[in-house]
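These are the residues of each chain, in order.
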Amino acid sequence: EQAWLADAQTFIQETLCPTGKEPNNELTQLVIDCVKMMWLSQGENQGFTLPLSYRFVSVQNLKTHQNLPCCSHLTWSSTAYQAWVQGAGPNGNALPREQLLLLGTLTDLSGDLEHERPDGSLYVKDNTGILGCELIDLDLSWLGHLFLFPSWSYLPPAKWKSLEEGHLELWGAPVPVFPLTTNPEPLAPIPVLYPEKALYLLTHRMRRQVQEANLAGKLIRLSALIKSQKKEYFVLTLGELSPTDSQALNQVSIMVQIPAQMVWYRVFWPGRSYVLTRLRIAKTRRHHYHIWTTIPSSNLMLLKPDCVRELELELELLKDKPKPPSVPTKSQNSKGQADLVRHSRVLHYSGMVTGVLNESASLYLLDGQLILCLAYQQIRGLKRMIRPGVSLELRDVHLLHSVGGGTTRPVLVPCLHGTVQLRSFSHQKPEILSSHQVHGTYLYEQLVWDYQLGLPTYLWATKALEKLVCKLCPHVLRCHQLLKHSSPGNPSLALQLLASSPDVLTPPDSPIRNAHSEILEEPHQCIFQEYTQLQTPYTFPDLLTMMKEGQHSAWANFDPKALVPLPESAYLTSYQINRRLAWSWHCVLPSTLQPAQVLVGVLVASSHKGCLQLRDLSASMPCLLLAENSQPLADPRFIGCLVRTERFQLVVEREVESNFPSWKELTMAGFIQRQQTRVYVQFFLTDALILPVPRPSPDASTTSAPPQTDSACLEGQSRLFLLSHKEALMNRNFCVSGRASSESPMPTLSFHVSGSWLGGTQRKEGTGWGPPEPLGSEKKDQKVFLIFLGSSVRWFAFLYPGKVYRLIAPGPPTSTLFEGESSSQRPLELAGCVSCLTVQDDWTLELGRSQDTPDVLEISRELPKSSLTHLLSDKFPDSLVSFSAKILSRTICDPPLTFRRRQPGNTGTVKTCVKLTVALEIADYEFTPHLNIYIEDPHLPPPIGLLPGSQVHFSQLEKKISRSSNVYCRFCSSTSIQVLSFSQQTRVSDPLPHIYLAELLQKGQAPFQATTSCHVVFIFSLQIMWVCAHCTSLCPQGRCSRQDLTCPTQTAISQASIRFLVEDGTAEALVTCRNHHVAAALGLSPGEWTFLLDCVRVSGKLALHFKGPGAESESPARIHEPLTLFLQTLCTSPSVLRPIKLAFELTRRPSDVSPREPPRLQQFQCGDLPLLTRVNPRLQLACLSLQEQEHSSTLGAFATSC
Ligand SMILES: [Zn+2]
Ligand SMILES: [Zn+2]
């Protein structure tokens, strides 16, 4: 006990006695008496007269040693504490109890001379320091006195706010050490004005009549405490003490703006009555409101009826009552929006905070169901106390329902007109908040105060920013980097990602808040009164979600019947149908979704796959980027940048393995055996916002993003080269020199480029490059062959022919670094190349700038193109060709050189191959020739972007000639592609050109597909068959005739073909029509055609051959069958031999129509007239569609050609 007293004495002398004075024993005794009294008032003191287990704590000790939140309750028994812990709730985390005695002076002066202007904050002060505190019900007479605080909690600053200080929450009334001198009762009653008269003086501008007045009334409203840079103020409104009906509207507002009076704000309690003395009428500067204001000598006191008397005024006009403020009729500015406009309700609400939604955005959950948004008041001081368990009283706050933008709960939001007051402190420890909840306070304040966001937009913006944080932090960049607020010249990263322009957030006509009018205007006007439900502008889904939704949408839109439509599908075998379904694609335009989606990610170059990827924390998505139309993205500086775009195509390639037996089962999903997708995104750089990520962000480099060209690297050398060709990225067997060669070489993902050096090696000089080393004359224009393997594969996506690059090697300069390896190692690869280099992992690439490129060299930036004659002639097989083309179709097929016929029923082991049909793009060429390109293993799957409709430059394809002497191309190891433009969604199919047949004979100028008006001259043959859809064997009576094993399904399909001769007077052509086109060729209606097919079904096959114009048919014995007879008659009748409009494609390429036969004379019968005309050799055409001629104009064609 003695020791405790001695310690207490020392403590009191050190921390509480006025400094520089004699030890004050009287003070010490008073303090100890005070502690003893409080201690003994507690029942559970176990006979001790002193709280021996408690020790004194100074403010400084609390600040430096108390790193955990705690509380101390001198007067509480442990059962009281236990009950209190229970009060924290079932899963509440109550503050731990410490046994500490805290004494100090309560003051509203921070003691900091520079910031001496009091702003209403409260502090506890002793000799060692000062600490902010909060108190629920302040008495002004307490200020400046020394107190024992029997019950308090201390909250140290949160870790992320290490610069801030902790604060004290003072429970209950403090116990004065010295007895407080109660204010002496005023000698005479104070003359006061009640609101009715005060209002009258105000409205009639009777300033001169009353210079100063004392106002009394009941507090009915308190505004927010406004803190601007210039001053602080708040407005309180007094009403009649016990208003009668006629006086209910008598309210008078008083503005308090003297700094020393800011602490009054803590005293006011709605419902209590006050007297404010020495008020004057003043005019607000900007808005010319007349308002009662305080002066420095004004006083505030509780109203005691005995101490006041009503001031008598000689006012005769008092009968003239102020009119009740008329409610202005709301002007609906646009009728269309009228029903969307909602009105908020203004109400009072008391409740407990049950959750923190976003501390930095000042969003809380109230009573588990309401969102409380405190962002529209400046409540920094109050905010530090708000945590689950705090009770708040909200007065004059707005309640908004269905604000939209993804917020479903009702929202309570106080504007500056209303007030938020603390009614009890929380028992709980602060929650541990995730990083996005604690960073960005300034950013959110900026959104509210600078950008003037309305509440629905603000709530959406906070959600969107949280989503962005989840997508990008912490691996791409730190949360505080993302949520940094804007400063001049340094726009906030988060805001740039959030909105492409500020107008998205704040429409130009949105109202601007004004604190004065928000508080004072009668009737109340603020931005929360009217609001429209927000349509979510867009969302920022993470990449994984985006890919999954894309896949989902692709399969939801997968319709086999649309991919293989009728009537064509009715004639296809099971194998053909399943091949047609094997590959298809689906494109999602997220800007068309509701809400729209915005793509945000970091651009990385994968060193495992050699492709570009967009990455966030959820996934990596391959992407295809074009700088602009037909310009590839060649600048590696974009690696590591943040990309945001609203315009992009999400491509989903679908691959399906199916075993549909025939077209009839296409609606049944059970025949799909396996399905997989490849998802990627393609967009233009010009449509995207590219933001460099602030560095350093150490995690970015570990996620296979290549190290950025480090300008800080002091030493290094570089050399420029012009890329002439890039080869395919594929697994190659490599004997890597310098690595362990004992192991058999493993296939390594790699590629080569060839090009030529431009000048000599340059050394690093400061931040730039020195002059190139001089070269010997024999070394001028030397070729270089660069090998990229290992992690340098990441450069693949940036290297394009025709571009100049700078190859940079870090480290001390070595003279022969770029000279290449000795040529003996790679005799094959070195053909024509002086140096052959393996690009090291730590080397980097930059796009050469224009000033780097020597003027002497005329650099061809054109993409290489093979000449058309070389391309299309049936000579020069196995040569390499390059061209640009538009992809018309992409299908899965058998490889072109599969001589072996597919074994019937054997579908498993067939090698697949991707066939692209392309239209060559050749300038000054009227009709674009078509070509097939085959992609086989090991070039499968094909590079991304090879979609129907896109334009692609193919470089160094292998040219082949088919057995039918058609030209086609194959991917080989030297092939590379460059996508020039993306496939357009709106597919406009050009109408086919309408030509004369003779135009097809003009070499090199003929269209591949066209329409013509011609006359059917003669039918050569007609064949109708019923075959097994599975094995294509003949099916008489609908049963598969195959002997060895029974087919799994017994579906018979019909197949038909007809061959006939047409001419249009300029030339004649042999046309083959298949399947449903046969019905059109014979001029049969669908019903007649079905009947005909059914007639053939019994025998399974019908074949008719005709010999020469007008000759007899030579079909076998059943010639006299009625069906055969009918068809014979039909095929020679004018209903078949008639003028038609034919859409066709050439079955042989134009260049293959050689050697050219000379035209020959031939006689025609045109009605009754015999005609003689010069006729060119026969063309071979395949029918695409056949229509009746609208009006017979063939005679005119005959006449002109005769
Ligand atoms: Zn309001
Ligand atoms: Zn069969």
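Residues numbered from 1 in each chain as written. Chains lettered and ligands numbered in written order. Predicted model: local features only at pLDDT ≥ 70, side-chain atom pairs only at ≥ 80, totals over all residues. Heavy atoms only, no water.

A. Quick peek at the coordination of the zinc ion (ligand 1). Distances from the zinc ion (ligand 1) to its protein donors, H398 (NE2), C415 (SG), H524 (NE2) and C526 (SG), fall within 2.0 to 2.2 Å. Given four donor atoms and angles of 94 to 122° at the metal, the environment of the zinc ion (ligand 1) is assigned as tetrahedral. Taken in chain order, the donor set of the zinc ion (ligand 1) reads H-x16-C-x108-H-x1-C. Taken together, the residues span a long stretch of sequence, with H398 in strand β23 (residues 391-400) and C415 in the loop between β24 (411-413) and β25 (419-424) at a distance of 17 residues. Each member of the pair H398 and C415 is classed as buried. (Donors = N, O, S within 2.8 Å, 3.2 Å for Na, K, Ca; no water. Tetrahedral: all angles 85-135°; square planar, octahedral: opposite > 155°, others 65-115°. Helix = DSSP H or I, 4+ residues; strand = E, 2+ residues; numbered from the N terminus. Buried < 20%, exposed > 50% of the residue type's maximum accessible area, 1.4 Å probe, protein only.)

B. Spotlight on helix α21 (residues 1086-1097). In a regular helix each residue adds 1.5 Å, so twelve residues correspond to 16 Å; α21 covers 16 Å between its end C-alpha atoms and thus fits that length. Within α21 the residues assigned to the buried category are W1089, L1092, L1093 and V1096. On an axial view of α21, the arc spanned by its buried residues comes to 100°, and they lie on one face. Those residues of α21 that are buried lie in contact with β52 (1009-1028), β53 (1052-1063), α20 (1076-1082), β55 (1101-1105) and α22 (1122-1132). (Expected span 1.5 Å × (residues − 1). Arc of directions from axis to C-beta. Contact = heavy atoms within 4.5 Å.)

C. Broad picture of the environment of F785. Tracing the chain through its elements places F785 in strand β42 (residues 783-789). Of the residues examined, F785 reaches a relative accessible area of 9% and is grouped as buried. Sequence separation between F785 and S835 is 50 residues, and the spatial gap between their C-alpha atoms is 6.3 Å.

D. How the structure looks around the environment of F528. For F528, the position within the fold is in the loop between α14 (515-520) and β26 (530-532). A C-alpha to C-alpha distance of 9.0 Å links F528 and P414, two positions 114 residues apart in sequence. Not counting chain neighbours up to four residues away, the residues in contact with F528 comprise S344, Y376, H398, L400, V413, C415 and L455.

E. How the structure looks around the pairing of strand β50 (residues 967-970). Of the pairings in the sheet, the one linking strand β48 (residues 930-935) to β50 comprises three bridges and is parallel in character. Looking at β50, one finds that N932 is bridged to Y968. What sits between the antiparallel neighbours strand β49 (residues 951-961) and β50 is a turn of five residues, in which S965 has the positive phi angle 50°. (Pairing = 2+ DSSP bridges.)

F. How the structure looks around the nonpolar core. Of all hydrophobic cores here, the largest spans 55 residues; its most connected members are F1060, L1082, W1089 and L1181. Of the residues forming this core, the biggest block, nine residues, is contributed by β52. With 53 residues, the next largest nonpolar core counts L459, A461, V476 and Y538 among its residues. (Core = buried A, V, L, I, M, F, W, Y, C linked by side-chain atoms within 4.5 Å.)

G. Here's a closer look at the pairing of β52. The buried fraction of β52 amounts to 14 of the 20 residues, a majority that puts the element mostly inside the structure. In this structure, β52 lies alongside strand β56 (residues 1139-1146), joined through seven bridges in antiparallel fashion. Counterpart to A1010 in the pairing with β56 is F1144. Taken together, the five bridges between β52 and β55 define a ladder with antiparallel strand orientation. Counterpart to M1025 in the pairing with β55 is K1101.

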